[in-house]
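# Structural overview
The residues making up each chain are set out below.
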Amino acid sequence: MKKGYCCFTLLLLLFLASCSPKGPYAVTNKVYKEKTKAYLAAIQMQNPDTLRDSSGMPVPSAWVGTVNFGIRKPNYVIIHFTAQDSLAQTLHTFTITSTQVSAHYVIGKDGKVVHMVNDYLRANHAGLGKWGSVTDMNSCSIGIEIDNNGSEAFTQPQINSLLLLLTQLKKSYNIPQANFIGHQDFAPKRKPDPGPYFPWKTLAAHGFGYWSDDILELAPDGFDYTIALKLIGYDTSDPKAAMVAFKRHFVQTDIKPEITQLDLNVLYNVYQKYSGQ
């Protein structure tokens, strides 16, 4: 009886917490505010570094504040699928310290957009990978997670909200069209998202990334697909993985590691768009 009473009391407390005017994420919101205050204090520090020469003698130093500076702005957008079962599950994953993962935005199946990290701050969404010369993508990108388990179509409300969000981000930060990519593009050896169900063609039609033309030229004789992939931005240290990532993004009807003539034609067409930007 006592055990049952304790369980009831715990459930009641959880229910009351979820009904709190501050909401179920009051604790994590408080932690977020405390961390941003700590970062603000760090960037306001004006003490010059104490430098010492090889003999241990201090090197003269001073602080002189310049009038010419600003906040670093994101230059890429990385799109993910959550690989989880619900928006609530993803929000839980991103609000516990043990996972050490996060994203700037999460979009639910109903189109709800949840902003979790300020655009100017660094979220832990991209991890290890390479795109062109960029290896620390977290420091220069915005991560958008879409509630999708990876084996289902994205909902129209999700895509509608995504397009509105991307329009705002592109305008706010002057992000180039070529710099809207998927997690699979940045980390082809590790990640499959947002996968072959994601409507990249629709995004390209709105100016977010590129897509191949309807009528394709034959790739010329001697066309080196590894060089083309590298010039687009892919990490070609594993050429097959890079080609599969490319096919997930730009072919979608076939994501096998074998390279067909269609794959080469699409790659040749897309490569020209990226090289001509």
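The structure contained in this document is the topic of the report that follows. Quick caveat, the model's predicted, so the values are computed rather than measured.

Let's shift gears to the nonpolar core. Formed by 53 residues in total, the largest nonpolar core has its most connected members in Met137, Ile144 and Phe246. Looking at this core element by element, the count peaks at seven residues for helix α4 (residues 156–173). The residues touching Phe246, leaving out its near neighbours within four places in the chain, are Leu229, Ile232, Tyr234, Val251, Asp263, Val266, Leu267 and Val270. Core analysis: the second largest hydrophobic core is formed by nine residues, Val106, Met116, Val117 and Ala123 among them.

Turning our eyes to something else, we now look at the sheet that holds strand β7 (residues 180–182). Pairing in this open sheet of five strands is mixed, and the strands run β5-β4-β6-β3-β7 from one edge to the other. Each end of this open sheet is capped by a strand with a single partner; those strands are β5 (113–115) and β7. Across the sheet, the axes of successive neighbouring strands diverge by a mean angle of 25 degrees, strand direction being ignored. Sheet topology places strand β3 (residues 76–81) next to β7; three bridges connect them, and they run parallel. Paired with Ile78 across the bridge in β7 is Ile181. Along the sheet, α4 makes contact with β3, β4 (105–107), β5, β6 (141–146) and β7, crossing β6 at roughly 175 degrees.

For the bond running from Asp193 to Pro194, omega is 10 degrees, close enough to zero to count as cis. Among the secondary structure elements, Pro194 is positioned in the loop between α5 (183–186) and α6 (200–205). If you check the backbone angles, Gln100 has positive phi at about 55 degrees while not being a glycine. Among the structural elements, Gln100 can be located in the loop between α3 (87–93) and β4. Phi is positive for Asn174, close to 55 degrees, though the residue is something other than glycine. Here Asn174 shows up in the loop between α4 and β7. A relative accessible area of 63% places Asn174 in the exposed class.

Our focus in this paragraph is the packing of aromatic side chains. Inspection of the entire model under this criterion finds 12 aromatic pairs. Linked through ring pairs, Trp131, Tyr210, Trp211, Tyr234, Phe246, Phe250 and Tyr274 together constitute an aromatic cluster.

Rules of the game
- Residues numbered from 1 in each chain as written.
- Predicted model: local features only at pLDDT ≥ 70, side-chain atom pairs only at ≥ 80, totals over all residues.
- Heavy atoms only, no water.
- Core = buried A, V, L, I, M, F, W, Y, C linked by side-chain atoms within 4.5 Å.
- Buried < 20%, exposed > 50% of the residue type's maximum accessible area, 1.4 Å probe, protein only.
- Helix = DSSP H or I, 4+ residues; strand = E, 2+ residues; numbered from the N terminus.
- Contact = heavy atoms within 4.5 Å.
- Pairing = 2+ DSSP bridges.
- Axes fitted to C-alpha atoms, helices over the stretch in contact; angles between N-to-C directions.
- Phe/Tyr/Trp six-rings, centres within 6.5 Å; stacked < 30°, edge-to-face > 60°.

None of the figures reported here should be taken as evidence of function without further support.
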